[in-house]
Amino acid sequence: MDNNNIKMQSVDLNAWFGTKQALKDINISMKANTITAIIGPSGCGKSTFIRTLNRMHELAPTAKLTGQILLEGQNIYDPNVDPVMIRRRVGMVFQKPNPFPTMSIYDNVAAGLKLTGAHKNKNLDEIVKHSLQQATLWEEVKDDLKKPGTSISGGQQQRLCIARAIALKPEVIFMDEPTSALDPIASAKIEKLVVELKKNYTVAIVTHNMQQASRVSDYTAFMYLGSLIEFGATKDIFESPKNQLTERYITGEFG
Amino acid sequence: MPLSEKLNLHSYSLRKFKNKFFYVLCLICLIIAIVPLLSILFEVIVRGAPAINWQFLTGNGLRNNIGPAIQGTLILIGLTSAIGIPIGILTGVYLAEYGNNKYATWIRTINDILTGFPSIIVGITAYSLIVVGLTGTFSPMAGAVALAFIMIPIVARTTEESLKLVPNSVREASMALGIHRWRTTLSVMLPSAKGGLITGIVLAIARIAGETAPILLTILGNFYFFQGLNAPIDALPLRIYLSSRSHLQIEQTQAWGAALVLILIVLTLNICVRLASRGRNKGTR
């Protein structure tokens, strides 16, 4: 892999919850403007891994971590780094749509800017419109911007959450099974959107859906029991996996 | 096998009976709980209504008028809320958002004890600390401090509970946007918990509006309207207590009248706060 283009990478990353080790020596590099899919059976550490990448992991009461995460070469776990600033550069979309229940659709998208004080001297209306357009939601909600964010369908809520994340113009976006709670049509929209996002962002997506991983991603990481088993170009992983475990997983033998 | 046997009809009818039995049991308990409440309301209205007239409600200078008592109760509610609500909410926020340590466990325990603390002891404490120790006079400030001791634990507890009811995913969504912890609490968590917060505050106000023991020793009572923050003041529960002990029929009727007014004040406050907080930004759970 061309080293110049690496946006984010993990170096010997280990993570624990209490005494239980959730991640073991993870080394992954993500190139700018690519999509990395992270696959693996439930409980293998996929979600934990992406939560270490924007320092959400440490919010769990017993969480511990060693190793490094480099964002453009800078270790985000350096004591001088403010986790809040990292989270503004590294956006996240969760498994279940979680719009702010007390806010309107408009305020949900604007929340990141308003509540971080980044909205000064900016045209909020324009940013909200642009973010919703990027999330392919604008046409559906443009007349209902004042309605509560929780009043729209689950698939729309998830695209609203994506709009909320991109309104802050992060550099990297992680999505934790963004379509697992959605119907096939809504999932297809989100998938299309993910591919679209690649133009401007570096994206990683956790998924249980093998077809989804092969459709959208450029690189695929297979994790099992907290370890990274195989990592490489999606084409190689799905057509000629080197590890037997990977092959058994993607052919549906276990998982 | 016949269908009836397959469905096991005997146990089905037994189950149906049990279902009905528990429903009726719940209904009976509900009636037992509500009858005393309604009978008190009925009694207060029937006995208190004759006492009520304009002079009775607004007059002052005589024991027979409750104008100063109504004013005093409203002032005490205002002062106590000004002290108690901010402290109570901030305590609740600490317990819910930062309460993952042993200090918080202690605070929570002390808070729970304080909730059930005998209110006469709160009164004596405020009396010796403020009336005797600090200002040397009975005053609304002393009364408000005593009542705040009762209000704070209720507000703190309900704030903590309603913050904990907000799904963690909402907090995470905010943190993941790079919003600071305090901002998350203030602009995301507290609005989401608003319903519970308001219920707690209304409950606490209803409770302190009717408390007698803590004010008995701190405000003394007064037949005249507000005389300043450093002078004795009147309040409805105190007036009810004093008038009901009179041997004069008229004063007893006036105690009933004051009781009716107190109930109406609490009810009105309750309804007003709920109306004001309804409407826009209704939190959906």
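Our structure is the block above this text.
Residues numbered from 1 in each chain as written. Chains lettered and ligands numbered in written order. Predicted model: local features only at pLDDT ≥ 70, side-chain atom pairs only at ≥ 80, totals over all residues.

Enquirer: Lay out the overall build of chain A in plain terms, naming residues and giving numbers.
Expert: Secondary structure summary: chain A contains ten helices and ten strands in total. Computed over its C-alpha atoms, the radius of gyration of chain A comes to 18 Å, within 12% of the 18 Å expected for a compact globule of 255 residues. Principal-axis analysis of the C-alpha atoms places the extent of chain A at approximately 55 × 45 × 35 Å. With 255 residues in all, chain A has 49% of them scored as buried. Expressed as a percentage of contacts within chain A between residues at least 6 apart in sequence, the contacts between residues at least 24 apart total 67%. (Helix = DSSP H or I, 4+ residues; strand = E, 2+ residues; numbered from the N terminus. Rg over C-alpha atoms; globule rule 2.2 N^0.38 Å. Buried ≥ 20, exposed ≤ 12 C-beta atoms within 10 Å, placed from the backbone. Contact = placed C-beta atoms within 7 Å.)

Enquirer: Which residues make up the packing of helix α7 (residues 140-165) of chain B against helix α10 (residues 194-210) of chain B, and what values go with them?
Expert: All names here are of chain B. As a packed pair, α7 and α10 sit with axes 8 Å apart at the nearest point and diverge in direction by 160 degrees. With respect to α10, the axis of α7 lies roughly antiparallel. Where α7 crosses over α10, the handedness of that crossing is right-handed. Contacts from Leu147, Ile150, Met151, Ile154, Val155, Thr158, Thr159, Glu161, Ser162 and Leu165 in α7 reach Gly196, Leu197, Thr199, Gly200, Ile201, Leu203, Ala204, Arg207 and Ile208 in α10. In terms of residue class, the contact of α7 with α10 is made up of eleven nonpolar, six polar and two charged. (Axes fitted to C-alpha atoms, helices over the stretch in contact; angles between N-to-C directions. Parallel < 35°, antiparallel > 145°, perpendicular 65-115°, else oblique. Left-handed = near helix turned anticlockwise from the far one by under 90°. Nonpolar A, V, L, I, M, F, W, Y, C, P; charged D, E, K, R; others polar.)

Enquirer: Describe the pairing of strand β2 (residues 20-31) of chain A, naming the residues involved and giving the relevant values.
Expert: All names here are of chain A. Both strand β1 (residues 6-17) and β2 contribute to a ladder of eight bridges, which runs antiparallel. Within β2, the position partnered with Ala15 by the bridge is Leu23. Hairpin connection from β1 to β2: two residues lie between these consecutive antiparallel strands, with Gly18 at a positive phi of about 60 degrees. (Pairing = 2+ DSSP bridges.)

Enquirer: Which residues make up the pairing of strand β9 (residues 219-224) of chain A, and what values go with them?
Expert: Residue and element names in this part refer to chain A. Across the six residues of β9, six count as buried, placing the element largely inside the fold. Going residue by residue along β9, you find Tyr219, Ala221 and Met223 tucked away on one face and Thr220, Phe222 and Tyr224 tucked away on the opposite face as well. As paired elements, strand β3 (residues 35-39) and β9 share four bridges and run parallel to each other. Note on β9: the bridge partner recorded for Ile39 is Phe222. Counted between consecutive antiparallel strands, the loop separating β9 from strand β10 (residues 227-233) contains two residues, among which Leu225 sits at a positive phi close to 50 degrees.

Enquirer: How would you explain helix α6 (residues 154-167) of chain A if you had to name every residue and give the values?
Expert: In an α-helix, one turn spans 3.6 residues; hence positions three or four apart end up facing the same way. Taking 1.5 Å as the rise per residue, α6(A) with 14 residues should run 20 Å; its terminal C-alpha atoms sit 20 Å apart, in good agreement. With respect to burial, α6(A) is a largely interior element, 13 of its 14 residues being buried. (Expected span 1.5 Å × (residues − 1).)

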